[in-house]
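# Structural characterization, general
Residues per chain, in single letters:
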Protein chains: 2
Amino acid sequence: MKDMRLVEERILKEGVVLDGDVLKVDSFLNHQLDPVWLQAVGNEFARYFSSREITKIMTIESSGIAPAVFAGAAMNVPVIFARKQRSVTLSDNVYSTSVYSFTKKSVSELAVSKSYLGSADHVLLIDDFLANGQAAKGLIELCKLSGATIGGAGIVIEKAFQKGRNVFEKEQIEVYSLARIRAFENGVVKFAADQIDRD
Amino acid sequence: MKDMRLVEERILKEGVVLDGDVLKVDSFLNHQLDPVWLQAVGNEFARYFSSREITKIMTIESSGIAPAVFAGAAMNVPVIFARKQRSVTLSDNVYSTSVYSFTKKSVSELAVSKSYLGSADHVLLIDDFLANGQAAKGLIELCKLSGATIGGAGIVIEKAFQKGRNVFEKEQIEVYSLARIRAFENGVVKFAADQIDRD
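For clarity, every value in this text was computed on a predicted model and none was experimentally measured.

Glancing now at the overall build of chain A. Assigned secondary structure in chain A consists of five helices and eleven strands. Since a compact globule built from 199 residues should have a radius of gyration of about 16 Å, the 16 Å found for chain A is in line with a globular shape. Across its three principal directions, the C-alpha atoms of chain A cover 50 × 40 × 30 Å. Relative to all contacts within chain A whose residues are 6 or more apart in sequence, the contacts with residues 24 or more apart total 62%. Split by element, the accessible area of chain A, about 8700 Å² in all, is 46% carbon and sulfur. Here chain A carries 24 positive and 25 negative side-chain charges, and the mean point of each set is 2 Å from the other.

So, about the nonpolar core. Counting residues in hydrophobic clusters, the biggest one holds 78 residues, and the most contacted among them are Ile157 of chain A together with Ile157 of chain B. Apart from residues lying up to four places away in sequence, Ile157 of chain A is in contact with Val7, Ile11, Leu23, Val25, Leu29, Asp128, Phe129, Leu130, Ala179 and Ile181 of chain A.

Residue-level contacts link 31 residues of chain A with 31 residues of chain B. Interface area for chain A against chain B, summed over the two sides, is near 2600 Å², with a carbon-plus-sulfur share of 61%. Contact with chain B buries area across many residues of chain A, yet His31, Gln32 and Tyr116 of chain A alone supply 24% of it, more than any other trio. The tally of links between chain A and chain B comes to zero salt bridges. Joining chain A to chain B, the criterion identifies 15 residue pairs in polar contact (both at pLDDT 80 or more).

Turning next to the packing of helix H3 (residues 65-75) of chain A against helix H3 (residues 65-75) of chain B. Orientation of H3 of chain A relative to H3 of chain B, taken along the N-to-C sense of each, is 65°, at an axis distance of 9 Å. By the criterion of interaxial angle, the relationship of H3 of chain A to H3 of chain B is roughly perpendicular. Pair H3 of chain A / H3 of chain B crosses with right-handed handedness. Here Ile65, Ala66, Val69, Phe70 and Ala73 of chain A of H3 of chain A lie close against H3 of chain B, whose contacting residues are Ile65, Ala66, Val69, Phe70 and Ala73 of chain B. Taken together, the residues that form the contact of H3 of chain A with H3 of chain B break down as ten nonpolar, no polar and no charged.

For the rest of this paragraph, the subject is the relation of the copies chain A and chain B. Least-squares fitting of chain A to chain B yields an RMSD of 0.0 Å, with the superposition described by an axial translation of 0.0 Å and a rotation of 180°. In the structure described here, the two chain copies are related by an operation that fits a two-fold rotation axis. Minimal C-alpha separation from the rotation axis in chain A is found for Ser62 of chain A, amounting to 2.8 Å. A high fraction, 100%, of the interface residues of chain A reappear at the interface in chain B, so the copies pair face to face through one surface.

With that settled, consider a nonpolar patch on the surface. Taken together, the side chains of Tyr100, Phe102 and Val107 of chain A make up a nonpolar region of the molecular surface, amounting to roughly 270 Å² of accessible area. Mapped onto the fold, Phe102 of chain A is located in the loop between strand E6 (94-101) and strand E7 (106-113).

To continue, consider the packing of aromatic side chains. All names here are of chain A. Here the structure, examined in full by the defined rule, presents 15 aromatic pairs over all chains. Considering the side-chain rings of Phe28 and Trp37, the 4.9 Å spacing of their centres and the 85° angle between planes classify their relative orientation as edge-to-face. Side by side, Phe28 and Trp37 carry an identical accessibility label, which is buried. In this structure an aromatic cluster arises from ring pairing among Phe45, Tyr48, Phe49 and Tyr176.

Turning to the side chain of Glu109 of chain B, a few remarks are in order. Residue and element names in this part refer to chain B. Checked against the element boundaries, Glu109 lands in strand E7 (residues 106-113). According to the relative accessible area criterion, Glu109 is buried, its value standing at 14%. A polar contact of 2.8 Å, which involves the side chain of Glu109, links it to the side chain of Ser98.

What counts and how
- Residues numbered from 1 in each chain as written.
- Chains lettered and ligands numbered in written order.
- Predicted model: local features only at pLDDT ≥ 70, side-chain atom pairs only at ≥ 80, totals over all residues.
- Heavy atoms only, no water.
- Helix = DSSP H or I, 4+ residues; strand = E, 2+ residues; numbered from the N terminus.
- Rg over C-alpha atoms; globule rule 2.2 N^0.38 Å.
- Contact = heavy atoms within 4.5 Å.
- Areas by Shrake-Rupley, 256 points an atom, 1.4 Å probe, with all protein chains shown as cover.
- Lys, Arg positive; Asp, Glu negative; His and termini not counted.
- Charge placed at Lys NZ, Arg CZ, Asp CG, Glu CD.
- Core = buried A, V, L, I, M, F, W, Y, C linked by side-chain atoms within 4.5 Å.
- Buried < 20%, exposed > 50% of the residue type's maximum accessible area, 1.4 Å probe, protein only.
- Buried area = accessible area lost by both parts, 1.4 Å probe.
- Salt bridge = Lys/Arg side-chain N within 4 Å of Asp/Glu carboxyl O.
- Polar contact = N/O pair within 3.5 Å; in protein donor to acceptor, adjacent residues only side chain to side chain.
- Axes fitted to C-alpha atoms, helices over the stretch in contact; angles between N-to-C directions.
- Parallel < 35°, antiparallel > 145°, perpendicular 65-115°, else oblique.
- Left-handed = near helix turned anticlockwise from the far one by under 90°.
- Nonpolar A, V, L, I, M, F, W, Y, C, P; charged D, E, K, R; others polar.
- Least-squares fit on C-alpha atoms with pLDDT ≥ 70 in both.
- Patch = residues over 30% accessible without salt bridge, like charges linked within 9 Å, V, L, I, M, F, W, Y side chains within 5 Å.
- Phe/Tyr/Trp six-rings, centres within 6.5 Å; stacked < 30°, edge-to-face > 60°.

No statement about biological role is implied by the geometric values presented.
As structure tokens, then:
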């Protein structure tokens, strides 16, 4: 049983579509957080990926942390969040990779400590958004550098009209998105066909 | 019933004391996160502050988010995390203040949206560390700017030998720290008198 309406209904109620295909969900996911809702989100990821023998959840600061820790609590596995750094000198003790942000129009470094990611890990990637897949590329690269394998990706909101999903599919990583947006039409969110779609 | 050993024992087990009175707790609080433990931390804050009629929890990205969202889930109140920005032009729609970081030796801006903090709010502040109190000052200032009142502060680890607590006490804000460190002696963590203290 998918529980996708959890996210769709929240987007329809509170999401704001801005210019440039930006969906603002600051009231519950990206600035203010609704912990009870995020716990349900985390629980749903845990349920879906329960059979994958996940040893660690990996996400990116800051908006990925809340869904990741609730999933981690439900799955009883540690969470590691990759740190964004702006081309500071990184210590020898981290795996790092460069990530381009289309929204910020800048390159930043993504880093995780070598102490907490390694070849024994089977990782569930969790993030708030999947759009063009730059963050996804970064997370996959960090796993590769460490020798960790990837057991799946849990996404809260996917912009299905952008190419992010391809990044995972190219690596044969299954993506489970709780809401898939097919388009923004005149400021109205349209979900992919298997989901609810209201005007 | 205080449940302080939850944090003390974890520090004794995994904390690493570095030069300059830095306590590294990257394995469970600042980089890798132990969600089951953090949920217990959040539950303890929720228990302690349950009678304060809190309407919102406020923290700072990134390490404050996990303890804050677990407390928020237990108290059924929204969480807002202040964003750290590096003196970028801030929009009109935020309250912002400058915060000096002793560890990073730099000034950054701390900002919250005016949409999610206001005079109707009675706020519980939650953060991972209390040391010199600069972050605390910033959070208090943001609440003041918005007209919100403060119902208390929940701290995971307090360096009681630094002056951070004074920042709260000057404003008559009660601080509840789950671990209070009195000193680092030859790389060994010593807790304040009311807590466990082992060699």
